[in-house]
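One-letter residues, chain by chain:
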Amino acid sequence: MLGPQLSSRQWLNQIGLHLERNREVDTPDSATEVSRSRGDEMSLGLHSCRFVIVEDFRRLEKLETLSLGANNFNKSIISCLSFLPSLKTLDLRRNEEIGTELSSLRELKTLDMSYCGLQSIAFNGTMSKLVHLNLDWNAFFSVDDVMRSMAAAFPSLRFLSLGNCDMGGRLLANGAPYIPYLKALILSRNNLNGTLPIEGFCKLKNLHELDLSSNIFDGKLPECFNRLSSLQLFDISSNQLTGVLLSSVITNLTSLKYVDFRSNKFEGSFSLSWFSNLTELKYFAFASDNDDFDVETEEPVGWTCMFQLEVLILSSCNINRYKGSVIPSFLLHQHKLRELDMSYNSLKGQFPNWLIKNNTMLSILHLRDNSFDGTIYTSSYRNRNIRWLDVSGSHMIDPIPNDTQKSLPYIYHLNLSRNSIDGVIPSSIGDLIQLHELDLSHNRLSGEVPIGLLTNPFDLSLLILSNNSFHGEILSQNFNFCGLSVLQLGNNCFTVLTLDISNNYLSGRIPHFLGELSNLRILLLGKNNFSGSIPRQLCHLTNVNLIDLSNNLLSGSIPRCLQNIAHPSYPAFMQNNNLSYDSTYFSAYQYNNGLDKQTYFKPYGPFIIPSEILFTTKTLSMVYKGDVLDIMSGLDLSCNKLRGNIPEELGLLAQIHALNLSHNRLTGPIPVKFSNLANLESLDLSFNSLTGRVPPELIKLNSLEVFNVSFNNLSGRLPEIKAQFGTFAKESYEGNPLLCGLPLENECITESHGTQFSNEEGSDEKWYDMDMMVVSYG
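By the naming in an unreviewed UniProt entry, the chain is Leucine-rich repeat-containing N-terminal plant-type domain-containing protein, taken from Mikania micrantha. Per UniProt, the chain carries the Sequence similarities (unreviewed entry) text "Belongs to the RLP family."

Caption draft 1: A look at the nonpolar core. Membership of the largest hydrophobic core comes to 126 residues, with the highest contact counts inside it found for Phe 275 and Phe 284. With residues near it in sequence (within four places) discarded, Phe 284 still touches Val 259, Phe 270, Leu 272, Phe 275, Leu 309, Val 311, Leu 312, Ile 313 and Leu 314. Leu 677, Leu 683, Leu 718 and Phe 728 belong to the second largest nonpolar core, which has 50 residues in total.

Caption draft 2: Looking closely at the sheet that holds strand 53 (residues 738–740). If you walk across this open sheet you meet the 5 strands as 46-48-50-52-53, and the pairing is parallel. In the strand order of this sheet, the two ends are held by strand 46 (643–645) and strand 53, each with one partner. The average angle at which neighbouring strand axes cross in this sheet is 25°, direction not considered. Where strand 46 and strand 48 (residues 665–668) come together, 3 bridges link them in parallel fashion. Paired with Asn 645 across the strands is Thr 667, a residue of strand 48.

Caption draft 3: Region of the structure containing the sheet that holds strand 34 (residues 507–509). Spatially, 3 strands are ordered 34-36-38 in an open sheet, and the strand pairing comes out parallel. Every other strand in the sheet has two partners, leaving strand 34 and strand 38 (553–554) as the edge strands with one partner each. As paired strands, strand 34 and strand 36 (residues 529–532) are joined by 3 bridges and run parallel to one another. Across the sheet, residue Gly 508 finds its bridge partner in strand 36, namely Phe 530.

Caption draft 4: Focus on the environment of Thr 498. Topologically, Thr 498 is positioned in strand 33 (residues 498–500). Assessed through its relative accessible area of 2%, Thr 498 is described here as buried. Through-space distance from the C-alpha of Thr 498 to that of Ile 522 is 4.7 Å; in sequence the pair is 24 residues apart.

Caption draft 5: Spatial organisation of the packing of aromatic side chains. Inspection of every chain in the model, using the stated rule, returns 23 aromatic pairs. Here the aromatic rings of Phe 225 and Phe 234 are separated by 5.6 Å at their centres, their planes lie at 40°, and the arrangement is tilted. Exposure remark for Phe 234: the relative accessible area of 0% places this residue in the buried category. Between Phe 270 and Phe 275, the aromatic rings sit 5.7 Å apart at their centres with planes inclined by 50°, giving tilted as the arrangement. An identical accessibility class is assigned to Phe 270 and Phe 275; each is buried. In this structure an aromatic cluster arises from ring pairing among Phe 201, Phe 225, Phe 234, Phe 261, Phe 266, Phe 270, Trp 274, Phe 275, Phe 284, Phe 286 and Phe 293.

Caption draft 6: Local environment of the state of the cysteines. Evaluated as defined, the whole model comprises 3 disulfides. Two residues, Cys 202 and Cys 224, share a disulfide whose sulfurs are 1.7 Å apart. The sign of the S-S torsion, about 65°, decides the handedness of the disulfide formed by Cys 202 and Cys 224: right-handed. With Cys 202 in helix 5 (residues 198–202) and Cys 224 in the loop between strand 12 (216–219) and strand 13 (233–235), the pair connects residues that are 22 residues apart, well separated along the chain. Here the two residues Cys 202 and Cys 224 agree in accessibility, since each one is buried. Here Cys 740 engages in a disulfide with Cys 748; their sulfurs sit 1.8 Å apart. What sets the handedness of the Cys 740 and Cys 748 disulfide is the S-S torsion sign, and at about 105° it is right-handed. According to the relative accessible area criterion, Cys 740 is buried, its value standing at 1%. For Cys 748, a relative accessible area of 16% puts it in the buried group. Taken N- to C-terminal, the disulfide-bonded cysteines of the chain are connected 1-2, 3-4, 5-6.

Caption draft 7: Focus on the pairing of strand 30 (residues 469–472). Side-chain alternation along strand 30 places Phe 470 and Gly 472 on a buried face and Ser 469 and His 471 on a face that remains uncovered. Pairing between strand 28 (residues 444–447) and strand 30: 2 bridges, direction parallel. Residue pairing for strand 30: Ser 446 is matched across the bridge by Ser 469.

Caption draft 8: Just helix 4 (residues 143–153), in detail. Along helix 4, the residues classified as buried are Val 143, Asp 144, Val 146, Met 147, Met 150 and Ala 153. Looking at the buried positions of helix 4, the neighbouring elements they touch are strand 6 (132–134), strand 7 (159–161), strand 8 (169–170), strand 9 (184–186) and strand 10 (192–195).

Caption draft 9: Here's a closer look at the pairing of strand 16 (residues 265–271). Where strand 14 (residues 240–244) lies against strand 16, 3 bridges are found, and the strand directions are parallel. When the bridges of strand 16 are listed, Val 244 appears paired with Glu 267.

Caption draft 10: Broad picture of the environment of Leu 314. For Leu 314, the position within the fold is in strand 19 (residues 311–315). In the structure, Leu 314 is positioned 31 residues away from Asn 345 in sequence and 8.5 Å away in space, judged by C-alpha atoms. Once you skip the residues sitting within four places of it in the chain, Leu 314 turns out to touch Phe 284, Phe 286, Val 295, Ile 319, Asp 341, Met 342, Ser 343 and Asn 345.

Caption draft 11: Molecular detail of the pattern of salt bridges. If you walk through the whole model with that rule in mind, you get 11 salt bridges. Residue Glu 107 pairs with Lys 129 through a salt bridge whose shortest N-O separation is 2.9 Å. Separated by 22 residues along the polypeptide, Glu 107 in the loop between strand 4 (89–91) and strand 5 (110–112) and Lys 129 in the loop between strand 5 and strand 6 bring together distant segments of the chain. Of the residues examined, Glu 107 reaches a relative accessible area of 29% and is grouped as partly exposed. Ionic pairing is found between Glu 649 and Arg 560, a salt bridge with its closest N-O pair at 2.9 Å. You can see Glu 649 sitting in the loop between strand 46 and strand 47 (658–660) and its partner Arg 560 sitting in the loop between strand 38 and strand 39 (579–581), a full 89 residues away along the chain. Residue classification places Arg 560 among the partly exposed positions, given a relative accessible area of 47%. Beyond isolated ion pairs, a larger network of salt bridges with shared partners links Arg 368, Asp 369, Asp 390 and Arg 418.

Conventions adopted
Residues numbered from 1 in each chain as written. Predicted model: local features only at pLDDT ≥ 70, side-chain atom pairs only at ≥ 80, totals over all residues. Heavy atoms only, no water. UniProt positions renumbered as here; feature names shortened; annotations may be inferred. Core = buried A, V, L, I, M, F, W, Y, C linked by side-chain atoms within 4.5 Å. Buried < 20%, exposed > 50% of the residue type's maximum accessible area, 1.4 Å probe, protein only. Contact = heavy atoms within 4.5 Å. Pairing = 2+ DSSP bridges. Helix = DSSP H or I, 4+ residues; strand = E, 2+ residues; numbered from the N terminus. Axes fitted to C-alpha atoms, helices over the stretch in contact; angles between N-to-C directions. Phe/Tyr/Trp six-rings, centres within 6.5 Å; stacked < 30°, edge-to-face > 60°. Disulfide = S-S within 2.5 Å. Salt bridge = Lys/Arg side-chain N within 4 Å of Asp/Glu carboxyl O.

Right under this line is the structure:
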């Protein structure tokens, strides 16, 4: 607690508060004087301060707005509030155990006590001027008890929010008459069940907003709701309401602006013409959970709608089922739509391109699972606002338009899956600079995937191309999807020369299907979190040149069948097979949600780029590109948890240039057959638990430039200092105290301190070929 010697001005500065006034004035020395100066209202916010204030509130007797959210205050703060008799707005949200004894605040009009862990309401006295009360996200036992307390304590209450309080149970038959002058009542997400209390709600004639969504109400919608003629928001979505909706419930509610009837179990037919006189209607949502329900838009013939909708959701409603499932004709006169969802309706006819053309503000269009003819013809218009387009499963057959980038330039989500679209992916798809999610699966598309799509600098997060007839290369060095979270390419005819998904946070087991990529030349999975064993299916990659599984969490043994890899039968990385694009100009645009103008890269003009990968060899991460990839061969299993012996079969990898098995838990000897690796340039077996000698036969490796067996349990005499082994320093062998011979300082001797090594009869083994038990240091 701060001492009284500080002025209010100093106090505010010391605790870092934000002081606001509704117009500019000179700031005097005390907060009290601020509130008096020229009648200005003072607002004070204390957030996440975690301290209790007592006496200093005495200086703020004219304070009208106070925010104390997220401070973990308890009931002791309530006594301080009694020093603020002018307070009109109080925010106490996210302060558990704060209590509700606030009767001294006679001028209070707005109170927020959401997220306070309240289980009951016991307001002492009456706050006659309170108008707005938010009690969301508490844990009340009974909604009826809460509302009774509201009626007694707050006779002027107009807005009451009790959402997400998980109260459960039924409302009393006369529930909610206790506050007859309410204008807004929110009871969403409370697990309330049973039938709606007819008389209780129907008496709230001043109600402007009623939200009963996400409960478990059942039975019919009471007809007496038609008395709520002032109702503007009516949300009964996500309940279990049944029966036939009556037009008499709707037609009298002429003030409606927002209507949400989704996810109930209504039956029979519902006509949109019932809303024809609702001139203020902006939002209408209906999605049925019952196949015995349908929405009729064509009867009576010639009806005229007086509203201009901004959002229309008619999903799974069997629209015009008995009229041939035609597209609603009233939409011809809707020009302000921002979101339209008519999915799962089996609508028939030509694709409604006029919807996109007539509604220039349209942002979201869901038309999946219908039966449209043709495709999206976009050449005659340009809609800058469409961000989400889903026409999947709608029997579309024509090719994807070539001018998609011009007509829908800022599309974010495009789903054309489960149709019968043929042809190729137009190159303009790769120019969609805002495209993050693309699903073209289950079509008849063929050809190659445009290079611009694979190198899009505005990374895709979802790409699904499965179940088509694509061919050519994909996932090459140009693959630039750093933000990719979903990738599905199955059931195509791709040739995947390079798969590089290294240096990500991928986890789980290495997929077995990788072994089916028979043309794969480069597999780079390093620096991830893959676990489990190395799949034997990788042994089927007989054309692979480079495999990098390093820096993962792989365990188990090294598969012996890896001897089958690294046998490519033809060159694959000729430069003229790898086309990419250069950037020669930029384009700027103003995004219309208020973000700053941004300049985006646009690819243009073909030129040749050789394939390029990064692979660690000779202790260096080196870039390999172009034709050299046809001859470079390597296997890197380092930095895992692999156990067991090194398979002798790895000595059959005759073409391999780099082999790295370091930083594992391998045991047993170094295979003598490694001497057959005539092309080997780099061999790293360090930081394992290998035993036995360093095979002298390895001196036949005339191409070897890097050799490291340090930090193992090796013993015996080192190979002769000749050929390549004359170039390796002692650092290649350190951490093996039982090794001897040059370049190490440990001399190999026949006896030490009187101990004689004998050569048993019939044995051809020399003393320096045996594991040494005694070593004498010179």
